[in-house]
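Structure assessment
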Amino acid sequence: MYDNQCTKSMENKSLSQSYLNELNDIQRKAVVTIKGPVLVVAGPGSGKTRVLTYRIANIIESGVAPWEILSLTFTNKAAKEMKERIAKVVGDRAHKVWAGTFHSVFAKILRVEAQHIGYSPNFTIYDTDDSKSVLTKIISGMNLNKDKYKANIIKNRISSAKSNIISPVGYRQQKSLLEQDSIAGRPKTVDVYEKYMAKCKASDAMDFDDLLYQLFYLFYKFPEIAKKYQAKFKYILVDEFQDTNHLQYSIMRKLVNYGDSERNICVVGDDAQSIYGFRGATIDNILDFEKDFKPHGIQTFKLEQNYRSTEHIVQAANEVISYNSKQIQKKIWSHKGSGNKINILKVASDNEEGSRIVHQILEQKNRDHLSNSDIAILYRTNGQSRIFEEYLRRYNVPYRIFGGLSFYQRKEVKDALAYLRIAINPNDEEALLRSMNYPKRGIGDTTLTKIRSHATENSVTLRAALKTVDLPARVKAQVRRFEKLLTLHEELAQKQDAYESSHTIIKNSGIIELLKKDTTPEGQARIDNLGSLLDGIKDFVENDEFSELTENSDDRSLTNYLQNIALVSEQDKSDESSDVVTLMSVHAAKGLEFPSVFVVGLEENLFPSFMALESQNIDEERRLFYVAITRAEKLLTLSFANSRYQYGNLRHNSPSRFLEEIDANHYDNPSVIKKQYGGTGTLDKSDEPRRAALTGISKSKRSLPKVEVDMANFKPSPSDSLEEGMKVLHLKFGKGKILSIEGGKGNRIASIQFESLGDEKKRIMLKFAKLQILND
DNA sequence: GAAGTGATGTTTTTT
DNA sequence: ACATCACTTC
């Protein structure tokens, strides 16, 4: 991986010396400083994982029991990889370390403690689809306008409330939140939130956010339980710290920052690689961490040496990221020689982009002797993969696309899982409703309504109502039959192992019979998927597929199986053995590296995405671009197209601004990005009105005049000090005047007229804007 | 309850 | 372009 550092696996002896020798000075300090709070700022390719794993190994070597170490990561894959690497140093003990994702580790704790807060140990974990489905039902049950109250939006509101530790009660007390909802035409959001929480609890179910939120609540409500875990985890490590949200940080802090704690906490992250802001991650956590642990002697280590890429790439990355104002100062550097210049590829259309890049891939395989697996195509949106797929197939280049629907989200799989879930947790309404009339068994809406009201009137669960509700003879027979089936399944799940029981349950469900009627290839594929599901369960029973994450790895019950799959995704099991070209979104590529990387679709409105342009929040896009180019070890190709189909329309976008932020001397053909392309984000077809309304991007965007602002003296004023009429200075647009401000506190949007932009007024969200008030 | 129609909404994603 | 979905109609 890092080829100028020796990676030869070593014997299990005399480790202490050998692994420390593989580290540079700063890395070594970060590894041996095991007491007290430590912040490691780790640039891309700086050996972050190596530091984390050796650090854990070192802690174990110092005599700490592995189970007293808690190591939190973002993906199961990262956790697994880490354990394997620790095991190479300290042997099997490594597997006793509590290493996992925030969600899986917290779920594990909650299984033990949830009874204190009114959940059973077998609580179900609702995935995003389940949550949305619950919300949709609540919203329609409350007779709210479905168009205003979109499940997705409400879900995000609730999720962000939970991520900021705001309960429904707390939500009601926050004027700004209520105001935002009101302005958006969703004043009852908080009521939906409250009902949603109640419904989840009644269903003995937690959504992903609950796994964090409820744990926080548990620790808060029962200090003695918190104490237990504070005492248990003597050393805590957090990876990808820049991607944690406030709630995650709060729990982590709770575990380590108390009274006489040694505060053995190490967080590793890179503010420049924070790309999950859109789902609540906040760099403030890094600042808070520094503040919170300053009194306890925090030590900071910056890993700036890059072992991954050659110099043109590293320097280009530095240049790009320097356009972001808010960042921890650091410059990555490399000793790998200047290497190749960045290849820039200008093409006429998205189609040509596909063709040219595949040709380049063939060329690289020939000329540079690269294998398929050395090569990755990275794009901003998953939708861009199609054209590359077509050309790769045409030229017989094996490839694999990552991303998209996960196996467990496929309809037929979810349908089958519903039958399994309801057998384990009879309160799981989502699963019950999903399976009740699929396959069709004559329990339609009318009947369902009757069952519902029967349940409400008698204060029993839906499941119980099936037994007692009175219905017309024919339907009644159907309902009772279904009820008997569920009872049978419950018994099976108790008596048999996961495979035996699920095999029968899925067969009984009738789903396969139903799918067999669909003779299309898709129908066949669905049946195959159910087969794979069963294969997976068999695997679980026969092998130790999930033993890492499970409390009791001998437990082969259906219960245990379901609890595990809720938190794993397919990628976790991905085999890296096959020699294929990788296609994935830039987000998905974080943490990976390839000898040759193609970053495609570098156009305004695409990368940076129009969403980001609209909200004036392109710093995160820039970090994303930074992540993208730093994936490359030796060869980096950046491409942009003059025109491409987007949402069914042919669009002309100008080259991405990010391309100009890289100094020309790093490009092999710098003239390509200079000027031309009158393209201004216009459309060929004349449905401008809808588009313009959607994107908020008018025709004359682009070609912003360069404004000279004295960086040294620029001090942005606090956003709430800005008022109408003020003269302000903006880093990009220069001097301007605030014409008006609309929107509530925390969400204010100003219309500003900048001298540099003539008559065009800019709407800027003050929350993000960096504006300095001018006094003259 | 199936089949057809029209409107709608389309970044990024783990858990 | 395309998929999803609520809603209509038979």
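Notes on the structure in this doc start here.

Thresholds applied
Residue positions are given per chain, counted from 1 along the sequence in the order it is written. As they are written, the chains are lettered A onward and the ligands numbered 1 onward, keeping that order. For this predicted model, a pLDDT threshold of at least 70 governs which residues receive local features, and a threshold of 80 or more governs which side-chain atom pairs are given and counted, while totals over whole chains, interfaces and linings are taken from all residues. Side-chain measures were taken over the full set of non-hydrogen atoms in the model, leaving aside hydrogen atoms and water. The rule for a residue being near a molecule or strand is that one of its heavy atoms must lie within 4 Å of it. Aromatic rings from Phe, Tyr and Trp, with only the six-membered ring used for Trp, were paired whenever their centres fell within 6.5 Å, and each pair was classed as stacked if the ring planes differed by under 30 degrees, edge-to-face if by over 60, and tilted otherwise. In this description a helix means any DSSP run of H or I spanning at least four residues, a strand means any run of E spanning at least two, and both kinds are numbered starting from the N terminus. Burial status follows relative accessibility: with a 1.4 Å probe on protein chains alone, a residue under 20% of its type maximum counts as buried, one over 50% as exposed, and anything between as partly exposed. Under this scheme, a helix contributes an axis fitted over its contacting stretch, all axes are lines through C-alpha atoms, and angles between N-to-C directions fall in the 0 to 180 degree range. Crossings are assigned a handedness: left-handed for a near helix turned anticlockwise from the far helix by less than a right angle, right-handed for a clockwise turn. Should any heavy atoms of two residues lie within 4.5 Å, those residues are considered in contact. Nonpolar residues are Ala, Val, Leu, Ile, Met, Phe, Trp, Tyr, Cys and Pro. Charged residues are Asp, Glu, Lys and Arg, and all others, Gly as well, are polar. In this text, buried Ala, Val, Leu, Ile, Met, Phe, Trp, Tyr and Cys residues form a nonpolar core when linked through side-chain atoms within 4.5 Å.

Quick word on the protein's contact with DNA strand C
Taken together, the neighbourhood of DNA strand C is formed by Lys-146, Tyr-647 and Gly-648. Atoms of DNA strand C within 4 Å of the protein belong to the sugar or the phosphate in 25% of instances, the rest to bases.

As for the packing of aromatic side chains
Per the stated rule, a full pass over the model turns up 16 aromatic pairs. Taking the centre distance of 5.8 Å and the plane angle of 40 degrees together, the rings of Tyr-276 and Phe-278 count as tilted. A ring pair is formed by Phe-625 and Phe-658, whose centres lie 5.3 Å apart and whose planes are at 20 degrees; its orientation type is stacked. With Phe-625 in helix H29 (residues 619–629) and Phe-658 in helix H30 (residues 657–660), this residue pair connects regions lying 33 residues apart in the sequence.

Remarks on helix H17 (residues 385–394)
Here H17 has its buried residues at Ser-385, Ile-387, Phe-388, Glu-389, Tyr-391 and Leu-392. Note on H17: the residue one or two positions beyond its end, Asn-396, has a positive phi of about 55 degrees.

Some words on unusual backbone geometry
Tyr-438 connects to Pro-439 through a cis peptide bond whose omega is -5 degrees. Within the secondary structure layout, Pro-439 lies in the loop between helix H19 (429–436) and helix H20 (445–457). Going from Phe-607 to Pro-608, the amide bond is cis rather than trans, its omega being 10 degrees. If you trace the backbone, Pro-608 turns up in the loop between strand S15 (594–599) and helix H28 (610–614). If you check the backbone angles, Ser-459 has positive phi at about 45 degrees while not being a glycine. Mapping Ser-459 onto the fold places it in the loop between H20 and helix H21 (462–468).

With respect to the packing of helix H11 (residues 208–221) against helix H13 (residues 246–256)
Viewed as axis vectors pointing N to C, H11 and H13 meet at an angle of 35 degrees, and their least axial separation amounts to 10 Å. Where H11 crosses over H13, the handedness of that crossing is left-handed. Seen from H11, the contacting residues are Asp-209, Leu-212, Tyr-213, Leu-215, Phe-216 and Phe-219; seen from H13, they are Leu-247, Gln-248, Ser-250, Ile-251, Lys-254 and Leu-255. A class-by-class count of the residues in the contact of H11 with H13 yields eight nonpolar, two polar and two charged.

As for the nonpolar core
Nonpolar side chains in soluble globular proteins generally cluster together in the buried interior. With 67 residues, the main nonpolar core has Phe-219, Val-238, Ile-251, Ile-265 and Phe-289 as its most contacted residues. When residues in this core are grouped by element, the largest group, seven residues, is from H11. Val-238 has contacts with Leu-72, Phe-102, Thr-244, Met-252, Ile-265, Cys-266, Val-267 and Val-268, leaving out every residue within four places of it along the chain. Listed in part, the 48 residues of the second largest apolar core include Phe-407, Leu-471, Ile-511 and Tyr-561.

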